[in-house]
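The lines below spell out each chain.
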Amino acid sequence: MTIFSGWRARIGIMTSDGPKNPWGPGNDPTGGDGGDGKGNGGGPRNPWTVPPAGKRGTPGPSALDELLRRARGGGGGGGGRPGIPGAPGPRALWSIGVGLVILAWLLLTSIHPIGPQQRGVVTWFGSYAGTLEPGIGITLPAPIADVTRVDVQAIRTENFPESADAENLTLTGDRNIINMSYSVRWSITSPEDFVFQIAEPRSTVRATAESAMREAVANMSLDDAIGAGRPRIEAQVQNRMQQILDEYHSGIHIDGVAVNRAVAPAAVSDAFKDVTAATTDAVALRNTAAGYAQQLIAKAEGEAGQFDRVYVQYKLAPEVTRRRMYYETMEEVLGKSDKTIVETPGVLPYLPLGAGRRAPEPAAQPGAAK
């Protein structure tokens, strides 16, 4: 209301009935003064008016200068009144500005919007004072209270190595070197511990992952590390990392470990491929030999069973069984060879054994005349 009253006063001054001359009554060139009767008038002199004596004197302050001086807070012409009625003084303006700054400071440092995926860790002079849930939280202003927002729903991923082209060499239990690429996924379960217990969470997670991975691979052979042992490595690394981080009270949960690649280093890749091929061939040959051995064993077991059955018959009728075995053996032997049968009782002194054989006919040559 004070400001509006001041403007009303200004409008009243500007619309008041008075001389139309913007310089006030001033000196009248005709000799009229309208003021003190001495030709000086009641207001500042018109700068374009020539004094009656014909000489220009020292000009006095104009009405515009008076208005500006009064607006700056100076007093009137000898009265010491403010130039603009109802306007606040400099001290009042400074007080209003300081009040606005304090109000803005209170609003910005006392009201804290917390997102649905966030938690706000409140500290009073650096000491833990509580945790703000999602919504609008109100605390004491800074520097008394401070709020640190922590995202508890984001899944963070650490890749080893960070560059896809880099190598990450690891020593196995049988003193072989492999190039491993893996990733670790982690999240925050306790924002209070996450803020206060560890200074550099990301570096701590990476160091813990490398330590756990080298420990797990060092207890395995090369074949297990690059083959069927990958799931076992992932489980061991995840459990070991969680155990270490829980001992630190870090407020971090390991969501999973994935081994993306486990191969030989590039410098020995060709030799490693040759070794792998040789190992595969050796496994194939061993499987073939094992199959052949099983066949021989089955055959021998069958013959042994047959002999046992014949022996049982031999004990029941030795002579008959002996003769039968003789006939079967001779049949098997003579059935595979050429033979000549000589009937008794006469025996010729000369027997053309070759005539009993039929020589094979020569194969016909291609293109020969028939």
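See the structure printed just above.
A. Representation of the layout of surface pockets. Roughly 380 Å³ of volume is contained in the second largest pocket. What lines the second largest pocket is a set of 13 residues, among which Gln306, Val310, Arg324, Met325 and Glu328 lie closest to the centre. For the lining of the second largest pocket, the secondary-structure elements that each account for two or more residues are helix H8 (269–316) and helix H9 (318–334). Looking at the lining of the second largest pocket residue by residue, the classes come out as 4 nonpolar, 4 polar and 5 charged.

B. Structural detail: the nonpolar core. Grouped together as the largest cluster of nonpolar side chains are 30 residues, with contacts concentrated most on Val184, Met213, Ile233, Val237, Met241, Ile252 and Ile254. Among the secondary structure elements, those contributing two or more residues to this core are strand E8 (177–188), helix H5 (201–218), helix H6 (222–226), helix H7 (230–247) and strand E9 (252–263). If sequence neighbours within four positions are ignored, Met213 has contacts with Met180, Tyr182, Ile233, Val237, Val257 and Val259.

C. Inspection of the environment of Ile178 at higher detail. By secondary structure assignment, the location of Ile178 is in strand E8. Sequence separation of Ile178 and Pro265 is 87 residues, and the distance between their C-alpha atoms is 5.9 Å. With sequence-adjacent residues up to four places away left out, Ile178 is seen in contact with Asn168, Leu169, Thr170, Thr172, Val217, Leu222, Ala225, Ile226, Val263 and Pro265.

D. Region of interest: the side chain of Ser181. By secondary structure assignment, the location of Ser181 is in strand E8. A residue is classified by how much of its surface remains accessible, and Ser181, at 15% relative accessible area, is buried. Beyond its immediate sequence surroundings of up to four residues, Ser181 is in contact with Phe160, Pro161, Ala258, Val259, Asn260 and Arg261.

E. Focus on the sheet that holds strand E2 (residues 118–124). The antiparallel open sheet is built from 3 strands, whose spatial order is E3-E2-E5. Both edges of this open sheet fall to strand E3 (127–132) and strand E5 (145–151), since each of them pairs with a single strand only. On average, adjacent strands in this sheet sit at an angle of 25° to one another, irrespective of strand direction. By the bridge criterion, 5 bridges tie E2 to E3 in an arrangement that is antiparallel. Directly across from Val121, in E3, lies its bridge partner Thr131.

F. Geometry of the packing of aromatic side chains. Following the criterion strictly, the structure yields 4 aromatic pairs and no others. Ring centres 6.5 Å apart and planes at 35° place the aromatic pair Trp186 and Phe194 in the tilted group. The residues Trp186 and Phe194 share a single accessibility class, namely buried. Looking at Arg156, its charged tip hangs above the ring of Trp186, at a distance of 5.3 Å from the centre.

Conventions we followed
Residues numbered from 1 in each chain as written. Predicted model: local features only at pLDDT ≥ 70, side-chain atom pairs only at ≥ 80, totals over all residues. Heavy atoms only, no water. 1 Å grid on protein atoms, 1.4 Å probe; cavity = no way out; pocket = protein on both sides within 12 Å on 5 of 7 lines; lining within 4 Å. Points joined across faces, edges and corners; volume = space filled by probe spheres on them. Helix = DSSP H or I, 4+ residues; strand = E, 2+ residues; numbered from the N terminus. Nonpolar A, V, L, I, M, F, W, Y, C, P; charged D, E, K, R; others polar. Core = buried A, V, L, I, M, F, W, Y, C linked by side-chain atoms within 4.5 Å. Buried < 20%, exposed > 50% of the residue type's maximum accessible area, 1.4 Å probe, protein only. Contact = heavy atoms within 4.5 Å. Pairing = 2+ DSSP bridges. Axes fitted to C-alpha atoms, helices over the stretch in contact; angles between N-to-C directions. Phe/Tyr/Trp six-rings, centres within 6.5 Å; stacked < 30°, edge-to-face > 60°. Lys NZ or Arg CZ within 6 Å of the ring centre and 35° of its normal.

These results come straight from atomic positions and should not be treated as a statement about function.
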